[in-house]
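Notes for the structure review
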Number of protein chains: 2
Amino acid sequence: MELSERKQKILGAIVELYIKTGEPVGSKSLLSELDMSVSSATVRNEMAELSALGLLEQPHTSAGRIPTNEGYRYYVDNLMVDRQVDESLRRRIEAGFGSGISDPEKLLERAGEVLADLTGCAAVSTTPSGEGAYIRRVEAVPVGTRTAMIVLMTSTGVIKSKVARSDFDLNASVLESFYNVVKASFVGKLLSEVDTPMMQTLVASMGGDVFTLLPLITAVSDLAQEAVHTEVMLGGQSNILHHNNYYGNTAYELLEFLRRGEPLSKLLSTATEGKDVDVKIGSENPYRQLMKSSVIVSNYNIDGNRRGSIGIIGPTRIDYANLIPSVKYLTDLVGELLTQTFKEE
Amino acid sequence: MELSERKQKILGAIVELYIKTGEPVGSKSLLSELDMSVSSATVRNEMAELSALGLLEQPHTSAGRIPTNEGYRYYVDNLMVDRQVDESLRRRIEAGFGSGISDPEKLLERAGEVLADLTGCAAVSTTPSGEGAYIRRVEAVPVGTRTAMIVLMTSTGVIKSKVARSDFDLNASVLESFYNVVKASFVGKLLSEVDTPMMQTLVASMGGDVFTLLPLITAVSDLAQEAVHTEVMLGGQSNILHHNNYYGNTAYELLEFLRRGEPLSKLLSTATEGKDVDVKIGSENPYRQLMKSSVIVSNYNIDGNRRGSIGIIGPTRIDYANLIPSVKYLTDLVGELLTQTFKEE
DNA sequence: AGTTAGCACTCAAAACCAAAGAGTGCTAAA
DNA sequence: TTTAGCACTCTTTGGTTTTGAGTGCTAACT
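Residues numbered from 1 in each chain as written. Chains lettered and ligands numbered in written order. Predicted model: local features only at pLDDT ≥ 70, side-chain atom pairs only at ≥ 80, totals over all residues. Heavy atoms only, no water.

Looking at the protein's contact with DNA strand C
- Around DNA strand C, a shell composed of 22 residues is seen, among which Ser27 of chain A together with Ser39, Thr42, Thr61 and Ser62 of chain B lie nearest.
- Within 4 Å of the protein, the contacting atoms of DNA strand C are 76% sugar and phosphate, with bases supplying the remainder.
- Interatomic distance of 2.4 Å between a side-chain N/O atom of threonine 42 of chain B and a phosphate oxygen of DNA strand C.
- Of all the secondary-structure elements, those providing two or more residues to the surface near DNA strand C are α2 (27-33) and α3 (40-52) of chain A together with α3 (40-52) of chain B.
- Broken down by element, the surface near DNA strand C gets its largest block of residues, four residues, from α3 of chain B.
- Broken down by class, the residue content of the surface near DNA strand C amounts to four nonpolar, 14 polar and four charged. (Near = heavy atom within 4 Å. Polar contact = N/O pair within 3.5 Å; in protein donor to acceptor, adjacent residues only side chain to side chain. Helix = DSSP H or I, 4+ residues; strand = E, 2+ residues; numbered from the N terminus. Nonpolar A, V, L, I, M, F, W, Y, C, P; charged D, E, K, R; others polar.)

Some words on the protein's contact with DNA strand D
- Every one of the 22 residues lining DNA strand D counts as a neighbour, but Thr42, Thr61 and Ser62 of chain A together with Ser27 and Arg65 of chain B are closest to it.
- For DNA strand D, the backbone portion of the atoms within 4 Å of the protein, that is sugar and phosphate, comes to 76%.
- Between a phosphate oxygen of DNA strand D and a main-chain N or O atom of serine 39 of chain A, the distance comes to 3.0 Å.
- If you list the elements that add at least two residues to the surface near DNA strand D, you get α3 of chain A together with α2 (27-33) and α3 of chain B.
- With four residues, the top contributor of residues to the surface near DNA strand D is α3 of chain A.

With respect to the relation of the copies chain A and chain B
- Between chain A and chain B, which share one sequence, the superposing operator has a rotation angle of 180° and an axial displacement of 0.0 Å; the RMSD is 0.1 Å. On the angle and the small slide along the axis, the relation comes out as a two-fold axis. Residue glutamine 237 of chain A of chain A places its C-alpha closer to the rotation axis than any other residue of that unit, at 4.1 Å.
- Mapped onto chain B, 95% of the interface residues of chain A are again interface residues, and the two copies thus contact each other with one and the same surface. (Least-squares fit on C-alpha atoms with pLDDT ≥ 70 in both. Contact = heavy atoms within 4.5 Å.)

Some details on the interface of chain A and chain B
- Contacts between the two partners involve 38 residues from chain A, matched on the other side by 36 residues from chain B.
- Buried area between chain A and chain B, both sides added, is near 3,200 Å², and the carbon and sulfur share of it is 55%.
- Where chain A packs against chain B, one counts two salt bridges.
- For arginine 259 of chain A, the salt bridge identified is with aspartate 117 of chain B, shortest N-O distance 3.1 Å.
- When contributions to the side of chain A that touches chain B are tallied by element, the ones reaching two or more residues are α6 (104-119), β4 (135-142), β5 (147-154), β6 (159-165), α10 (239-242), α11 (251-259) and α13 (320-342) of chain A.
- Element by element, the count of residues in the side of chain A that touches chain B is highest for β6 of chain A, at six residues.
- Its residues assigned to classes, the side of chain A that touches chain B comprises twelve nonpolar, twelve polar and 14 charged. (Buried area = accessible area lost by both parts, 1.4 Å probe. Salt bridge = Lys/Arg side-chain N within 4 Å of Asp/Glu carboxyl O.)

Comments concerning the sheet that holds strand β9 (residues 293-302) of chain B
Residues and elements named next belong to chain B.
- Ordered by their spatial adjacency, five strands build an open sheet running β7-β3-β10-β9-β8, and the pairing between neighbours is antiparallel. Every interior strand has two partners, whereas the edge strands, β7 (232-235) and β8 (277-281), have only one. Each adjacent strand pair in this sheet contributes to an overall mean axis angle of 20°, direction not counted.
- For strand β3 (residues 122-126) and β7, the ladder comprises four bridges, and the chain directions are antiparallel. If you follow valine 124 over to β7, its bridge partner there is leucine 234.
- The strands touched by helix α6 (residues 104-119) are β3, β7, β9 and β10 (305-315); relative to β3, the strand with the most contacts, the crossing angle is about 160°. (Pairing = 2+ DSSP bridges. Axes fitted to C-alpha atoms, helices over the stretch in contact; angles between N-to-C directions.)

None of this, on its own, says anything about what the molecule does.
Encoded structure:
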């Protein structure tokens, strides 16, 4: 869509003013913000044309204009200039991560909280995906005569642990055969390879040990499943209430939607294929509950591989120019931290 | 405070009706709910006296009555009959805990979610306190030449892990001396004994090993700190919006308050000294933000020792008769599960 | 005594109405 | 193409009235 330079200027100003104030902007109040050597009538004509193009709309006939989703889209794609993430903000972000959080889950949770505080939006983050990760190590730590804590560590540094209880004593020889099985069949395997068929053939091939070892082996498999499954974390829910007005009265519905991890996880994973930062505006979102919200998502990479996402959810009149760079900055930082902490040396 | 039988009946009915409808109850509507062979005027007289006693109040002169905090208190202490937790509810609770969650943190988080869903309130739960718990086991699992994952397990089954990185290679002899130090100075110690002075004397006594071992030892100490510190978890925040009306317009403030763990944690720990289930009504709560809320808390025991709490937060017109037993039932169940899973055999 | 019918009174909430004001679209002149 | 002017629209605001549930009090009744 080609727009005259003046139309672009007007559209941009309307979007930014509306984002700032939340009030529909009329021709007069627009002129007082913008120094243009034209009259309000001229602006009105331009605004009428922008409405005809579907970029602006009116809540009712005698009100000012607000951007449509398409209006925001045009703004984000063509008009917006990314604000730099300024020094003080950077410091706040970095201060947000206390000294060395090494657990990736904790780190991501923290990242979500920091982002929520910073942006005044709800924030979501996913733990590093187990896709492509392999099992680096498995340990069985006896805690009783018949119980052991199974600890699994992945190549991405995720740790999962679980208590396994057997009907037989877990003496040294049992543990030894456990480690043999682990070494032969688990260590080095991709997490995604540990599935039901794999387990079935493994069990079938185990012979007599199966009764003593089964609970332990099952625990390992459970942990692998857990580790491959990325977890979605949510922070800053209360911020949604701040935007209450702009969400209509559906704040509750939105909160309920965000509580359910699955749709969110899908949302995050389908977003940002290739792109740097993905912005979905209002009805561009695939879920009914997000029709009045905008979502800004970016990926973080560990060692160059896309491993998870961090994003924020706010009203469609979210401050794109400032927040898109913030999200980007944070995800890059998280990626660096995780890469650094878990680089094999 | 002594009340005539009729006053008790009236007070009880008002409380229950108001809890059900949320509307101030007047003399007429009360009579239609209650079969009493007296006229509305008589009821009015009684209500006026109950108001004089501070048990009822009126939002404005020409409205019905609602219970004061003292009114609720009298109801809870004297009038209420606990409803039995019926079979179907029990099944829902038990179904809420999928098969064997062995990680106590996960279990408590789940318990909070279950309770929130069940009661329609926000729910809080604390992880088992490390008070009185000792270090059962420490493992160092090398993950690179200079990094190791330190895993600490407590006597209450809590697992904490963390990556430690050293400036020196972590070969077998380093690990051996690490295990020696651990065995001598950590295993069997109470978590609370691992504090700064203890670490200082330990480091002072270590001699030459200190440079290679310090990062590992520090990690152990960090983990002990983490483990002794109970974590507060919050679930069902969105339920608060359902009660929005009854909280006034301060839903946001309440949510913000609940986000901060410290005051909550204090609240839970000071509550229920000795008692079975503790109920704090409105201004009985020590925090301004909870003045319009009621809190129902109960403790769970592991192996007979009080280890943590689970509770719900709702409007003062919460359904005490049903929810108090539910909270009790759930905490008992959680205690049983945790005791069972982590009993030393 | 305790109870009840009756009645005047109160007050929030709903309904109604009027005026204000911001903004528009259109027309006609520059 | 731009602009001044104007009639029109529709929300917002504020004030007034009506309604209705509920009260407290008094006087009669049991």
